[in-house]
Amino acid sequence: MQRLTHAARRAATAAPSAAHRIAATQLPLASGRVPRTFFGSRRWLSATAESEVEVPITVTISETPKAAPPPLDDDMTPKEIVAYLNKHIVGQQDAKRAIAIAMRNRWRRMKLESPLKDEVMPKNILMIGPTGVGKTEVARRLAKLAGAPFVKVEATKYTEVGFHGKDVDTMIKDLVDVAIALQKVKMKELVRAEVVAAVENRILDILAGDAAQNSTRESFRALLREGALDDRTIEVDLPVSGGPKMPQDGKGGIHFGDFVVKMGDLTGGKTQPKKMKIGECRPILEDQEAERLINSDSVEREAIKNAEENGIVFIDEIDKIIDVHSYGADASAEGVQRDLLPLIEGSTISTKYGNVKTDHILFVCSGAFHLAKPSDLLAELQGRLPIRVELKPLTEEDLYLILTVPEANLLRQQVALMGTEGMELEYSEPAIREIARVAYEVNSTIENIGARRLHTVIERIMDEVSFTADEHAHTTFNITPEYVREKVASLLIKSDLTKYIL
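How would you summarise the packing of aromatic side chains if you had to cite specific residues and measurements?
Tallying each qualifying case throughout the model produces 1 aromatic pair. On the basis of an interplanar angle of 80° and a centroid distance of 5.2 Å, the ring pair of phenylalanine 477 and tyrosine 483 is categorised as edge-to-face. Take phenylalanine 477 and tyrosine 483: they sit in the same class, and that class is buried.

Report on the environment of alanine 143, specifying residues and quantitative values.
Structurally, the position occupied by alanine 143 is in helix α5 (residues 135-146). Taking the C-alpha atoms as reference points, alanine 143 and isoleucine 312, 169 residues apart in sequence, are found 8.6 Å from one another.

Residue-level account of the packing of helix α14 (residues 410-419) against helix α16 (residues 452-467), with values.
At a minimum axis separation of 11 Å, α14 and α16 run at an interaxial angle of 20°. If you check the angle between α14 and α16, you find them roughly parallel. Note on packing geometry: the crossing formed by α14 with α16 is right-handed. Counting all contacts with α14, which are made through Leu410, Leu411, Gln414 and Met418, the residues of α16 involved are Leu454, His455, Ile458, Glu459, Met462, Val465 and Ser466. Partitioned by chemical class, the residues of the contact of α14 with α16 number 7 nonpolar, 3 polar and 1 charged.

Could you give me a rundown of the pairing of strand β8 (residues 233-239), with the residues and numbers involved?
What you see with β8 is a clean split: Ile234, Val236 and Leu238 sit on the buried side and Thr233, Glu235, Asp237 and Pro239 on the side with no burial. Here β8 pairs with strand β9 (residues 271-277) via 7 bridges, running antiparallel. Following the sheet pairing, glutamate 235 is matched in β9 by lysine 275.

So what's going on with helix α9 (residues 278-293)? Which residues, and what values?
Taking 1.5 Å per residue, 16 residues should reach 22 Å; α9 reaches 22 Å between its end C-alpha atoms and fits that length. Among the residues making up α9, those that are buried are Ile278, Cys281, Leu285, Glu286, Glu289 and Ala290. Of the surrounding secondary structure, the elements contacted by the buried residues of α9 are α6 (169-190), α7 (192-208), α8 (214-226), β8 and β9.

Break down the sheet that holds strand β10 (residues 312-316) for me, citing the residues and quoting the values.
The strand order across the open sheet formed by 5 strands is β7-β10-β13-β6-β14, and the pairing between neighbours is parallel. Each edge of the sheet is formed by a strand with only one pairing partner; in this case those strands are β7 (150-154) and β14 (387-390). The mean inter-strand angle of the sheet, taken between neighbouring strand axes irrespective of direction, is 15°. Where α5 meets the sheet, its contacts fall on β6 (125-128), β7, β10 and β13 (362-367), and the angle it forms with β10 comes to roughly 165°. Seen against the sheet, α6 touches β7, β10 and β13 and runs at an angle of roughly 150° to β7.

Could you give an account of the pattern of salt bridges, with specific residues and numbers?
The tally for this structure, following the rule as stated, stands at 22 salt bridges. One salt bridge in this structure joins arginine 221 and glutamate 200, with 2.6 Å as the shortest N-O distance. Here arginine 221 is found in helix α8, whereas its partner glutamate 200 is found in helix α7, with 21 residues between them in sequence. A single burial state applies to arginine 221 and to glutamate 200, both of which are buried. Linked through salt bridges whose partners overlap, the residues forming this network are Glu434, Arg437, Glu441, Glu482 and Arg485.

Procedures and definitions
- Residues numbered from 1 in each chain as written.
- Predicted model: local features only at pLDDT ≥ 70, side-chain atom pairs only at ≥ 80, totals over all residues.
- Heavy atoms only, no water.
- Phe/Tyr/Trp six-rings, centres within 6.5 Å; stacked < 30°, edge-to-face > 60°.
- Buried < 20%, exposed > 50% of the residue type's maximum accessible area, 1.4 Å probe, protein only.
- Helix = DSSP H or I, 4+ residues; strand = E, 2+ residues; numbered from the N terminus.
- Axes fitted to C-alpha atoms, helices over the stretch in contact; angles between N-to-C directions.
- Parallel < 35°, antiparallel > 145°, perpendicular 65-115°, else oblique.
- Left-handed = near helix turned anticlockwise from the far one by under 90°.
- Contact = heavy atoms within 4.5 Å.
- Nonpolar A, V, L, I, M, F, W, Y, C, P; charged D, E, K, R; others polar.
- Pairing = 2+ DSSP bridges.
- Expected span 1.5 Å × (residues − 1).
- Salt bridge = Lys/Arg side-chain N within 4 Å of Asp/Glu carboxyl O.

So yeah, pure geometry; function would need other evidence.
Here it is as structure tokens:
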């Protein structure tokens, strides 16, 4: 992972003409100061001749070892959780605190003794805020951080029980499927050494034969471990694949395959020889060997327990199931709210792996609530979402911070993309400010879509650069405020005209 280091903002204030320079350090620089016509404008394509320019305030992208997000098993405190979220999300401290406290309370509950442990219920969360302020991003980052079964669903996908469409129970079934996958990964790690050794011996038997001398096998083993034989083709016996998966039915997403004998089981464990390269067949053989060593009953039992104790369900767009203009029952609105009541309160859901209790599953709901308000939800559902967090609309300063603070910000992504073409891309400090100003102005005059507006503005700016980047390898291109205004002029004109539309 790469790290973005930023000079102090005071230096920018002291030297307003200086430039923030965002550059991929591994890219070669153009030598000499040569004026060149680039994308229809005359620019200097070098950073030499320091005597003629002021010393820039530098924003450098440097390679650092990739660090995985710390799992919650390491007893992360609320402050540590918020610190992790701060690396990727700007502002919205109230939402981050609420999420951090909820996650920590789950750890605290696991330290309690029964029967008190069973009485402590999770405090479900309702996040309220306009689109593009970070509600979904909080959920996405939480999924990476939690290391627990996590599923994100859209409330608009579901209908009331008895109507055509998905039942709300399917979100718990999806959660269990995620828990099964996580548990299989954990179990495979436990038997990994045994699996690797078994697969290695199986490949050596094919390469050297059963009657080969130990010295021959060891020679092949050394080459195999070095990867020198990965492109060599061998013939291996692989299981005969079954028929295609059965489709889901229209209601509830239940597979017909849950009730009939799987096609793969009818083959009686038959195998067929297939020629493959060693590098391609090794992962398949490792999965096959791991499945043989792992006890499926143990996997399902532990996965269900993990889903019940640590599962997180994020329900987005919950405001869309409020129909304030309806004069009758709506199967996709109030009916879904009624079906969510027992699910969030605590009930038992039947899945193909067994029954799952939802008493201690954490539910996080979010919605923009443009056309409705939280009080329009069913009173019972409001009571099951006791913690309410209001996310604030983004200001111009927030948009600027989104462009500079997160580790994988949009500008850094553009620099990396252009770096693959051999081009060095630079954004001056005033240009970054201008991008934030334009995005905020368009949000204010047309439609406020939050941080997503930055994607529109940056793509408009980078359109010509991206299209001809391959023709300008080993050159430097500077994004200036004038260039930004030139490229977004049509966008601003359109926003001005909307003021006069009745």
